[in-house]
Amino acid sequence: MARAEVARAEVARAEVARAEVARHHQLIERWLAGTVPRDAFAGFAGAHAPAFTLAAPDGRLLSRAEVLAEVEAGYGRVPGARIEIRHVTVVAASGALVVAAYEEWQGGAGRRSTAVFERRPGGLSWLHLHETAVREGGP
């Protein structure tokens, strides 16, 4: 593959990852604020692979079922919720896998996250997410 083609492919992967991270967190934001219909939860759940795992900032390793239960229980519990996503970058991509890193901010608290995605028809499927807590202006 020519250098220009490789560069275009990398840009395309980055854009797909940015769009998925933004879409996913917009849905979470609206879910927590209670401003999206409850049936929108299916879109959130469907984005996670059956074997999805989350390494939470507190050290817990959560299964897909545990993550979905926690998020579903949060419906409408954070009126006015705002989630800001910063610095989405593709760390690696090979075959069907894409690894992306980004920051998620809510108020003054944030998370540095690394997500592993699998390409599938129609978009990316979340395979694993690792979150580390950070403070605004912190290390």
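Calculation rules
Residues numbered from 1 in each chain as written. Predicted model: local features only at pLDDT ≥ 70, side-chain atom pairs only at ≥ 80, totals over all residues. Heavy atoms only, no water. Helix = DSSP H or I, 4+ residues; strand = E, 2+ residues; numbered from the N terminus. Buried < 20%, exposed > 50% of the residue type's maximum accessible area, 1.4 Å probe, protein only. Polar contact = N/O pair within 3.5 Å; in protein donor to acceptor, adjacent residues only side chain to side chain. Pairing = 2+ DSSP bridges. Salt bridge = Lys/Arg side-chain N within 4 Å of Asp/Glu carboxyl O. Phe/Tyr/Trp six-rings, centres within 6.5 Å; stacked < 30°, edge-to-face > 60°.

Caption draft 1: Highlighting the environment of His24. Looking at the secondary structure, you find His24 in helix H1 (residues 3-33). According to the relative accessible area criterion, His24 is buried, its value standing at 3%. C-alpha separation for the pair His24 and Trp126, spaced 102 residues apart in sequence, amounts to 9.9 Å. A polar atom in the side chain of His24 sits 3.4 Å from the side chain of Arg23.

Caption draft 2: Seen up close, the pairing of strand S6 (residues 123-135). Sheet analysis places strand S1 (residues 48-55) next to S6, joined by four bridges and oriented parallel. Bridging across to S6, Thr53 finds its partner in His128. Relative to S6, strand S5 (residues 109-120) is paired through twelve bridges, and the arrangement is antiparallel. Of the residues in S6, the one forming a bridge with Gly110 is Val134. Hairpin remark: S5 followed by S6, antiparallel, with two residues in the connecting loop; positive phi at Gly122, about 90 degrees.

Caption draft 3: Here's a closer look at the pattern of salt bridges. Following the criterion strictly, the structure yields nine salt bridges and no others. A salt bridge links Arg82 to Glu29; the nearest nitrogen and oxygen atoms lie 3.8 Å apart. Here the residue Arg82 occupies a position in the loop between helix H3 (64-73) and strand S3 (84-94), and Glu29 occupies one in helix H1, the gap between them amounting to 53 residues. Residue Arg82 is classed as exposed on the basis of its relative accessible area, which comes to 60%. Residue Glu103 pairs with Arg112 through a salt bridge whose shortest N-O separation is 3.7 Å. Taking relative accessible area as the criterion, Glu103 reaches 14% and is therefore assigned buried. The class of Arg112 is partly exposed, set by a relative accessible area of 37%. Here the salt bridges do not stand alone but share partners, grouping Asp58, Arg60 and Glu70 into one network.

Caption draft 4: Quick look at the packing of aromatic side chains. Using the criterion set out here, one finds four aromatic pairs in the structure. Residues Trp31 and Phe41 carry aromatic rings whose centres are separated by 5.1 Å and whose planes lie at 40 degrees to one another, so their mutual orientation is tilted. Taken together, the residues Trp31 in helix H1 and Phe41 in helix H2 (residues 41-46) connect sequence positions ten residues apart. We note that Trp31, like Phe41, is buried. Look at Phe41 and Phe44: their rings are 5.7 Å apart centre to centre, the planes differ by 35 degrees, and that puts the pair in the tilted class.

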